[in-house]
Each structure stands twice: as C-alpha cells, then as structure tokens.
2 protein chains.
Amino acid sequence: MYKDLDPLLHSQLRLAIISLLMVHEEVDFNQIKDITNATSGNISVQIKKLQDAGYIDVIKSFKNNYQNTSLRITNKGIKAFEDYVENLKQYIKPAK
Amino acid sequence: MYKDLDPLLHSQLRLAIISLLMVHEEVDFNQIKDITNATSGNISVQIKKLQDAGYIDVIKSFKNNYQNTSLRITNKGIKAFEDYVENLKQYIKPAK
DNA sequence: TAAATTAGTTTATAATATAAACAAAATTTT
DNA sequence: AAAATTTTGTTTATATTATAAACTAATTTA
C-alpha cells in the first residue's frame, strides 16, 4: 500500500532544488540560495548528493569573472521525481 | 514560495500513520505494523512523537487479555496534515 | 594594498530515523 | 505445573541525515 519514498527526494531542500529544475531548464547556485533561503554549505552538500545519484548535471563556468555553478535535471532525475510524486500521492490522498 | 514542511509530518512512517488515521477513525498498533512493515520499536517512537505534538490521541486498553494501543487523530493533527499537504503541493506541482 | 564581497567547499554538530535489545503478561507445550 | 513461546509493546543504542559554522580562493572596492 504505502510504497517507500526515495530518501534522496524526501528532503525539503533537495525536493525544492529538484522542483525548481522541473520548471526551469537551468538554475544556478545563487538562485537556489535566494529562493530557498538555505545556507551555501547546505546547498552545496545537497547538490553533491543529487549529482552523485545522477539526478542532476552540474555545470561549472565563469560569469562576469566569477565562478558560476549551474544545474540541470537529468532524465534519471525526472523519472525519480515522477515516481516520488506518484508514491507520495498514496500518503497524502488517502482513499478508503 | 517554498514554505517549510512540518518536520513531524515529513517523515515516511509518521506520514503513513497520520494518513491511515485520516481515513480510519481508529487504528491500532498491530494494524500499523502490518500495513507499514515497520518494526515495533520504530512505530512506538513515532507514535510518542505524534502524541507529544498533540497530533494524535493514544488509547490504551485490553482486548482479549492482551494490551491494545489504539490511535485517533486530533483536530490539531488534521489541521497539521492539511497544512502539510497544502505546502507540499508547491513542491510537487511546480507551476511556472 | 588592505578590507570587503562573491561564490562556493569542507568539516563539525545536532537532530532523526531505525533497529536491536529488553520487559511483562498471556498462552502453549511437555 | 514449570519451561518455552508468543503477543504487545518500550527503552536504548546506532547509523544516517540535515544543517550550519568555519574555511578557501578569487574578485572588487576603498
């Protein structure tokens, strides 16, 4: 009945990051910081976890002389998100 | 934009328990064990947390000579669940 | 050129989920 | 009827996780 929820996505900050990436083609570090109000350290750690899982691609470049870290969701990430939402529905839309 | 998710509900097992209680007037310890496949210890701890938060009432009685622990959701619990779901929607239904 | 800002990483800590070990009463087995 | 087993949980220990503090390195400003 209640399927397991992917622990990588069942985390407020990582879910917010993935959610942003489902809507915007590409999102960078500072946008995430502004929108989520999380600390840089926290964001950095969660990005690495999502990257290690193959859920996102991390693109490092330079923008007006500063380093820039940009993210894109992968197909694997999209699938994981969709599965997560599908499973989650069983919890939040309880039907008799 | 992304509102904080109540940490008490953003936990797979506690969410499953609350979800069950949103559907069934009263649910007992063993039903939770059967449905969730969680260990007794885990369930016991999570029940206490939900009780401490005032989200559920815990009714201890005897049923055919054995102790029986039964749960009911409180109004506060219902409100918390509804708020949680409302906030969660922003994460899982990302709109441009 | 010293101080401040930008952009992020690494490391430490605090909280949390989870299971293992334990307890107490009831039942079954020998 | 004593010993072993089952039922119904609780307490305690451990492993994982989320999060922030401390740090690094480059750039810009005073």
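Please refer to the structure placed before this passage.
Residues numbered from 1 in each chain as written. Chains lettered and ligands numbered in written order. Predicted model: local features only at pLDDT ≥ 70, side-chain atom pairs only at ≥ 80, totals over all residues. Heavy atoms only, no water.

Trainee: Could you give an account of the sheet that holds strand β3 (residues 66-73) of chain A, naming the residues involved and the relevant values?
Mentor: Residues and elements named next belong to chain A. The three strands lie next to each other as β1-β3-β2, forming an open sheet whose pairing is antiparallel. Looking along the sheet, the strands with just one partner apiece sit at the ends: β1 (27-28) and β2 (56-63). Note that β1 and β3 share two bridges and pair antiparallel. Residue Asp28 lies in a different strand from β3, and its bridge partner there is Ser70. This element, helix α1 (residues 12-23), spans β1, β2 and β3 of the sheet and lies at about 80 degrees to β3. (Pairing = 2+ DSSP bridges. Helix = DSSP H or I, 4+ residues; strand = E, 2+ residues; numbered from the N terminus. Contact = heavy atoms within 4.5 Å. Axes fitted to C-alpha atoms, helices over the stretch in contact; angles between N-to-C directions.)

Trainee: Go over the protein's contact with DNA strand D, please, and point to the residues and values.
Mentor: Around DNA strand D sit 22 residues, and of these Arg14(A), Ser44(B), Lys48(B), Lys60(B) and Thr69(B) come closest. A share of 72% of the atoms of DNA strand D within 4 Å of the protein falls on sugar and phosphate groups. Between DNA strand D and Ser11(A) there is a distance of 3.5 Å, counted from a phosphate oxygen to a side-chain nitrogen or oxygen. Between DNA strand D and Gln67(B), the relevant distance is 3.1 Å, taken from a sugar or linking oxygen to a main-chain nitrogen or oxygen of the residue. When residues of the surface near DNA strand D are traced back to their parent elements, those giving at least two are α3 (40-52) of chain A together with α2 (29-36), α3 (40-52) and β3 (66-73) of chain B. Here the surface near DNA strand D is built from residues that sort into five nonpolar, 13 polar and four charged. (Near = heavy atom within 4 Å. Polar contact = N/O pair within 3.5 Å; in protein donor to acceptor, adjacent residues only side chain to side chain. Nonpolar A, V, L, I, M, F, W, Y, C, P; charged D, E, K, R; others polar.)

Trainee: Which residues make up a positive patch on the surface, and what values go with them?
Mentor: Among the surface-exposed residues, Lys89(A), Lys93(A), Lys89(B) and Lys93(B) lie close enough to one another that they form a single positively charged patch. In this structure, Lys93(A) sits in the segment after α4 (75-92). (Patch = residues over 30% accessible without salt bridge, like charges linked within 9 Å, V, L, I, M, F, W, Y side chains within 5 Å. Areas by Shrake-Rupley, 256 points an atom, 1.4 Å probe, with all protein chains shown as cover. Salt bridge = Lys/Arg side-chain N within 4 Å of Asp/Glu carboxyl O. Lys, Arg positive; Asp, Glu negative; His and termini not counted. Charge placed at Lys NZ, Arg CZ, Asp CG, Glu CD.)

Trainee: Which residues make up the interface of chain B and chain A, and what are the values?
Mentor: On the side of chain A, 24 residues touch chain B, which itself brings 25 residues to the contact. Taken together, both faces of the contact between chain B and chain A bury some 2100 Å²; the carbon and sulfur share is 67%. Its largest share of buried area at the contact with chain A, chain B owes to Tyr2(B), Gln12(B) and Ile92(B), together 29% of the area lost on that side. Taken together, the links from chain B to chain A amount to zero salt bridges. On inspection of chain B and its partner chain A, the count reaches nine residue pairs in polar contact (both at pLDDT 80 or more). Among the residues forming the side of chain B that touches chain A, the class breakdown is 17 nonpolar, five polar and three charged. (Buried area = accessible area lost by both parts, 1.4 Å probe.)

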